[in-house]
Amino acid sequence: MPRQRKLIAGNWKMNGLRRDGEALARTLVERRTADGAGRFDLLLCPPATLIWPVAAVVAGSPVLLGGQDCAPEVKGAFTGDIAAPMLAEAGCRFVILGHSERRHGHRETDALIQAKAKTALAAGLAVILCVGETLDERERGDAEGVVGRQLDGSLPAAATAETVVIAYEPVWAIGTGRNAGAGDVAAMHAAIRERVKDRLDPGAVRILYGGSVKPDNARELLGLADVDGALVGGASLKADEFWAIATSS
Ligand code: PGA
């Protein structure tokens, strides 16, 4: 998937019952289909119970499907977890890994995220690998250091620019309505591209921005040179807002 096409990914998190998820997906499939070839890839990442019903809605359309997490193991006694081959079988092409709500809320380490990513790639899924600093880390002047260490520790050896997308999501911007300034985003995206250049072809790897992306800031953020798409939480739950973000890319 070339860098020229932006990736607009919706992370529904733990939101939506079946009727809501199907209706949201149906509206987006209609708009994306009417849009023809489109300038961007549209990806929906519903909660686990909605993956199969949403897969049925997006089947045969250009809309892509992804999971929000997977286990480092492929099967076994891991209550509550979901395996990468299960996501792949349901029609997922992507899985989000290392989201800050998992790094911080579930104490996931870089080593665990790397193990998950390795399993996901082996199952044929592309990985959206999330990285990002806390407000405290940014104020200490360590934002690029933190993100660099997260990349070093969680990128799996098999990663390529075709199979891994990086999502820069400053923790303090997620769900807060406070997005990072264009200058900070541009600087961090350039730093990420530089940091991974020996492992991921810098001309091909897609780096998304995430954290309070809304229709009114999407054009500026998506217009930055090193921003290859967006990972959208809250605004991806409303078809009009998500579509407005996608079409401003
Ligand atoms: P937000 O979430 O758009 O609601 O800030 C982004 C994310 O967590 O991926």
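The structure we're discussing is the one just above.
Since the model is a prediction, treat every value here as computed from it, not as a measurement.

1. Section: the overall build of the protein chain
Point 1. Helix and strand counts for the protein chain come out as ten helices and eight strands.
Point 2. Relative to the 2.2 N^0.38 estimate, which gives 18 Å for 249 residues, the radius of gyration of the protein chain is 17 Å and therefore close to what a compact globule would have.
Point 3. By its C-alpha atoms, the protein chain is 45 × 45 × 30 Å across when sized along the principal axes.
Point 4. Going through the 249 residues of the protein chain one by one, you find that 52% of them count as buried.
Point 5. Sequence-distant contacts in the protein chain: of pairs separated by 6 or more residues, those separated by 24 or more amount to 74%.
Point 6. Within the structure as shown, the protein chain displays about 10800 Å² of accessible surface, and the carbon and sulfur contribution to it stands at 52%.
Point 7. Computing the positive centroid from 29 side-chain charges and the negative centroid from 31, the protein chain places the two 3 Å apart.

2. Points about the sheet that holds strand β3 (residues 64-67)
Point 1. The strand order around the closed barrel built from eight strands is β1-β2-β3-β4-β5-β6-β7-β8, with neighbouring strands paired in parallel fashion. Across the sheet, the mean angle from the axis of one strand to that of its neighbour is 25°, orientation sign disregarded.
Point 2. Where strand β1 (residues 6-11) and strand β8 (residues 229-232) come together, four bridges link them in parallel fashion. Bridged to Gly 10 within β8 is Val 232.
Point 3. Sitting on the sheet, helix α2 (residues 51-58) touches β2 (40-45) and β3, and the angle it makes with β3 is about 170°.

3. Remarks on the nonpolar core
Point 1. Counting 67 residues, the largest nonpolar core has Leu 42, Leu 44, Val 127, Ile 166, Ile 192 and Tyr 209 as its most contacted members.
Point 2. In this view, Leu 44 contacts Gly 10, Trp 12, Ala 25, Leu 28, Val 54, Val 58, Val 63, Leu 64, Leu 65, Gly 66 and Phe 242; residues no more than four positions away in its chain are not counted.
Point 3. Residues Ile 96, Ile 128, Val 165 and Ala 167 belong to the second largest nonpolar core, which totals 14 residues.

4. Observations concerning the site of the ligand
Point 1. Around the ligand, 13 residues are found, and the nearest of them are Lys 13, His 99, Glu 169, Gly 175 and Ser 212.
Point 2. Interatomic distance of 2.6 Å between a side-chain N/O atom of His 99 and an oxygen atom of the ligand.
Point 3. Interatomic distance of 2.8 Å between a backbone N/O atom of Gly 234 and an oxygen atom of the ligand.
Point 4. Protein chains shield 97% of the accessible area of the ligand, which is 280 Å² for the free molecule.
Point 5. Partitioning the shell around the ligand into residue classes produces four nonpolar, seven polar and two charged.

5. Things to note about the environment of Leu 135
Point 1. Turning to its location among the elements, Leu 135 is positioned in helix α6 (residues 135-139).
Point 2. Residue classification places Leu 135 among the partly exposed positions, given a relative accessible area of 29%.
Point 3. Along the sequence, Leu 135 and Trp 172 sit 37 residues apart, while their C-alpha atoms lie 5.5 Å from each other.
Point 4. If we skip the residues at most four places from it in the chain, Leu 135 touches Trp 172 and Arg 178.

6. With respect to the side chain of Ser 100
Point 1. Among the structural elements, Ser 100 can be located in helix α4 (residues 100-103).
Point 2. The class for Ser 100 is buried, based on a relative accessible area of 10%.
Point 3. Discounting residues that sit within four places of it in the chain, Ser 100 has contacts with Gly 105, Val 171 and Ile 174.

7. Side note on the side chain of His 99
Point 1. Its location among the elements puts His 99 in the loop between β4 (94-97) and α4.
Point 2. Look at His 99 and you get buried, because its relative accessible area is 4%.
Point 3. Within polar-contact distance, the side chain of His 99 engages the side chain of Glu 169 at 3.3 Å.
Point 4. Residues contacting His 99, with those up to four places away along its chain left out, are Asn 11, Lys 13, Cys 130, Glu 169 and Ile 174.

8. A word on the layout of surface pockets
Point 1. If you add up the space inside the largest pocket, you get close to 590 Å³.
Point 2. Forming the boundary of the largest pocket are 25 residues, of which Ala 48, Gln 68, Asp 69, Arg 102 and His 106 lie nearest the centre.
Point 3. Residue assignment for the lining of the largest pocket shows that the elements contributing at least two residues are α4 and α5 (110-122).
Point 4. For the lining of the largest pocket, the class distribution of residues is twelve nonpolar, six polar and seven charged.

Each value, and the rule that gives it
- Residues numbered from 1 in each chain as written.
- Predicted model: local features only at pLDDT ≥ 70, side-chain atom pairs only at ≥ 80, totals over all residues.
- Heavy atoms only, no water.
- Helix = DSSP H or I, 4+ residues; strand = E, 2+ residues; numbered from the N terminus.
- Rg over C-alpha atoms; globule rule 2.2 N^0.38 Å.
- Buried < 20%, exposed > 50% of the residue type's maximum accessible area, 1.4 Å probe, protein only.
- Contact = heavy atoms within 4.5 Å.
- Areas by Shrake-Rupley, 256 points an atom, 1.4 Å probe, with all protein chains shown as cover.
- Lys, Arg positive; Asp, Glu negative; His and termini not counted.
- Charge placed at Lys NZ, Arg CZ, Asp CG, Glu CD.
- Pairing = 2+ DSSP bridges.
- Axes fitted to C-alpha atoms, helices over the stretch in contact; angles between N-to-C directions.
- Core = buried A, V, L, I, M, F, W, Y, C linked by side-chain atoms within 4.5 Å.
- Near = heavy atom within 4 Å.
- Polar contact = N/O pair within 3.5 Å; in protein donor to acceptor, adjacent residues only side chain to side chain.
- Nonpolar A, V, L, I, M, F, W, Y, C, P; charged D, E, K, R; others polar.
- 1 Å grid on protein atoms, 1.4 Å probe; cavity = no way out; pocket = protein on both sides within 12 Å on 5 of 7 lines; lining within 4 Å.
- Points joined across faces, edges and corners; volume = space filled by probe spheres on them.

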